[in-house]
Amino acid sequence: MEVSNTSKNYIKDLAEFIALEHEEIITPLDKIVDSENLFVFYDDYGKSFDGITIYDDNRFYIHINTERGNDIDSTRGRFTLAHELGHYFIDSHRIGLMNGLLKPHPSFNDKQKYNRIEREADYFSSCLLMPEKRYSKDCVGRKFEFAIIENLAKKYRVSLTASAIRFSDIGNHPIQIIFSVNNEIAWKWASKDFPYKYLAEGNSKIPEDSLAASYFKTGRGEKRTEDLSVGDWFKCYKYEDEERNIYEHIIPFRNMALSVIWED
Ligand SMILES: [Zn+2]
């Protein structure tokens, strides 16, 4: 499968242009779907996928799977639909689907995407739902605390994870995001200017003294922010960094934990 390379800037400009045509802060995906004459179906498709886009008989059909929690106005359903819209709006994806070079593919919104076209569609979704022009304005002038990510998630009707990822990219304070499943790091993501690059016990291990580790150890823990030392999470090359203050906000959920980490 060959799809021509698509630049990040092109995707961002495209998605944000579409979003900013509308006054609504919560991007009105239904209006976008209608104006493009797309067919969207919400149905129970078992465990098979979150969303899929199919081109048939000169039309695009988007299927969204309610069985995996993608209800029409839910944060998950909106992210999935915006991802599928990425496959329609990004030229190389749309043309690929139309001429059969890009096969319709089931998309999952909770796995780390290694596949380039999936990453592109996710980035499109993030920009469509949280255009930089609006989102970054909402970040300025306030000292960072986790509540900012939370408030922005509510305001733009996106998940906390989606809001945290967007914040790490265009927010006004560097953060590190770690998503763990079954006591293992599933993926991590950091702002470009986040000062620590390496985890204390190797890049695939949750460090012993973190909130995430204690959640997996005890199976108990509620959503909270706590202050730790930099050395609890990260490798330090300077002695004085070890004891510097760092914050971890953890959101535990069943066998998963989302940790957001930052310095003052
Ligand atoms: Zn996809």
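Residues numbered from 1 in each chain as written. Predicted model: local features only at pLDDT ≥ 70, side-chain atom pairs only at ≥ 80, totals over all residues.

Trainee: What exactly am I supposed to notice about the overall build of the protein chain here?
Mentor: Secondary structure summary: the protein chain contains 11 helices and 8 strands in total. Taking 264 residues into account, the globule formula puts the C-alpha radius of gyration at 18 Å, and the protein chain, at 19 Å, falls close to it. Viewed in the frame of its principal axes, the protein chain has a C-alpha envelope of about 65 × 40 × 35 Å. Counting every position in the protein chain, which comprises 264 residues, the buried fraction comes to 36%. Put simply, 55% of the contacts in the protein chain that link residues at least 6 apart link residues at least 24 apart. (Helix = DSSP H or I, 4+ residues; strand = E, 2+ residues; numbered from the N terminus. Rg over C-alpha atoms; globule rule 2.2 N^0.38 Å. Buried ≥ 20, exposed ≤ 12 C-beta atoms within 10 Å, placed from the backbone. Contact = placed C-beta atoms within 7 Å.)

Trainee: What is the right way to read the domain arrangement of the protein chain from this model?
Mentor: Often, the extent of an interface is quoted as the loss of accessible area upon association of its parts. The domains assigned to the protein chain are domain 1 (8-133) and domain 2 (174-262). Distance from the C-alpha centre of domain 1 to the C-alpha centre of domain 2: 31 Å. (Domains from an automatic or database assignment.)

Trainee: Explain the nonpolar core to me, please; I cannot follow it from the model alone.
Mentor: Most often, soluble globular proteins have nonpolar side chains that are buried together. Of all hydrophobic cores here, the largest spans 58 residues; its most connected members are Phe124, Leu128, Ala212 and Val260. Of the residues forming this core, the biggest block, 7 residues, is contributed by helix H5 (residues 116-129). Two domains each put at least three residues into this core: domain 1 (8-133) and domain 2 (174-262). Among all residues touching Phe124, those that are not within four sequence positions of it are Ile11, Ala15, Gly86, Phe89 and Ile90. (Core = buried A, V, L, I, M, F, W, Y, C linked by C-beta atoms within 7 Å.)

Trainee: Is there a simple way to explain the pairing of strand E3 (residues 59-65) in this structure?
Mentor: It is a general feature of regular strands that their side chains alternate between the two faces of the sheet. Counted residue by residue, E3 has 5 buried out of 7 residues, so it is predominantly covered. Judged from the 5 bridges that link them, strand E1 (residues 39-43) and E3 form a sheet pairing that is parallel. Note that in E3 the partner of Phe41 across the bridge is His63. Counted along the chain from strand E2 (residues 51-56) to the antiparallel partner E3, the turn is 2 residues long, and its residue Asp57 has a positive phi close to 55°. (Pairing = 2+ DSSP bridges.)

Trainee: How should the environment of Met256 be read in this particular structure?
Mentor: With respect to the element layout, Met256 can be found in strand E8 (residues 256-262). Each C-alpha atom of the pair Met256 and Ile185 lies 9.6 Å from the other, and the pair is 71 residues apart in sequence. Contact partners of Met256, with chain neighbours within four places excluded, come to Ser180 and Val181.

Trainee: Can you help me understand unusual backbone geometry in this one?
Mentor: What you tend to see is this: most non-glycine residues have negative phi, and most peptide bonds are trans. Even without a glycine there, the phi angle at Asn58 is positive, about 65°. Structurally, the position occupied by Asn58 is in the loop between E2 and E3. We classify Asn58 as exposed; it has 6 C-beta atoms within 10 Å. Positive phi is not limited to glycine here, since Arg157 has a value of about 45°. Here Arg157 falls in the partly exposed class, since 18 other C-beta atoms lie within 10 Å of it.

Trainee: Before we go on, may I ask you to explain the pairing of E2 in this structure?
Mentor: In this structure, E2 lies alongside E3, joined through 6 bridges in antiparallel fashion. Within the sheet, the bridge partner assigned to Gly51 lies in E3 and is Ile64.

Trainee: What am I meant to see in the sheet that holds E3 here?
Mentor: Strand order in the open sheet made by the 3 strands is E1-E3-E2, with mixed pairing throughout. One side of each edge strand has no neighbouring strand; the edge strands of this open sheet are E1 and E2. Mean inter-strand twist for the sheet, computed between neighbouring axes without regard to direction, equals 20°. Strands in contact with helix H3 (residues 75-89) are E1, E2 and E3; relative to E2, the strand with the most contacts, it is inclined by about 35°. (Axes fitted to C-alpha atoms, helices over the stretch in contact; angles between N-to-C directions.)

Trainee: Help me understand the environment of Glu118 in this model?
Mentor: Within the secondary structure, Glu118 is located in helix H5. Between the C-alpha atoms of Glu118 and His105, which are 13 residues apart in sequence, the distance is 9.5 Å.

Trainee: Looking at this model, I keep getting lost on the sheet that holds strand E4 (residues 176-181). Mind explaining?
Mentor: Strand order in the open sheet formed by 5 strands is E5-E4-E8-E7-E6, and the pairing between neighbours is antiparallel. Two strands close off the open sheet at either side, each with one partner strand: strand E5 (184-190) and strand E6 (224-229). Strand-to-strand twist in this sheet, taken as the mean axis angle between neighbours without regard to direction, amounts to 25°. Strand direction decides the pairing type here: strand E7 (residues 245-253) and E8, joined by 7 bridges, are antiparallel. The residue bridging Phe253 from the neighbouring strand is Met256, located in E8.

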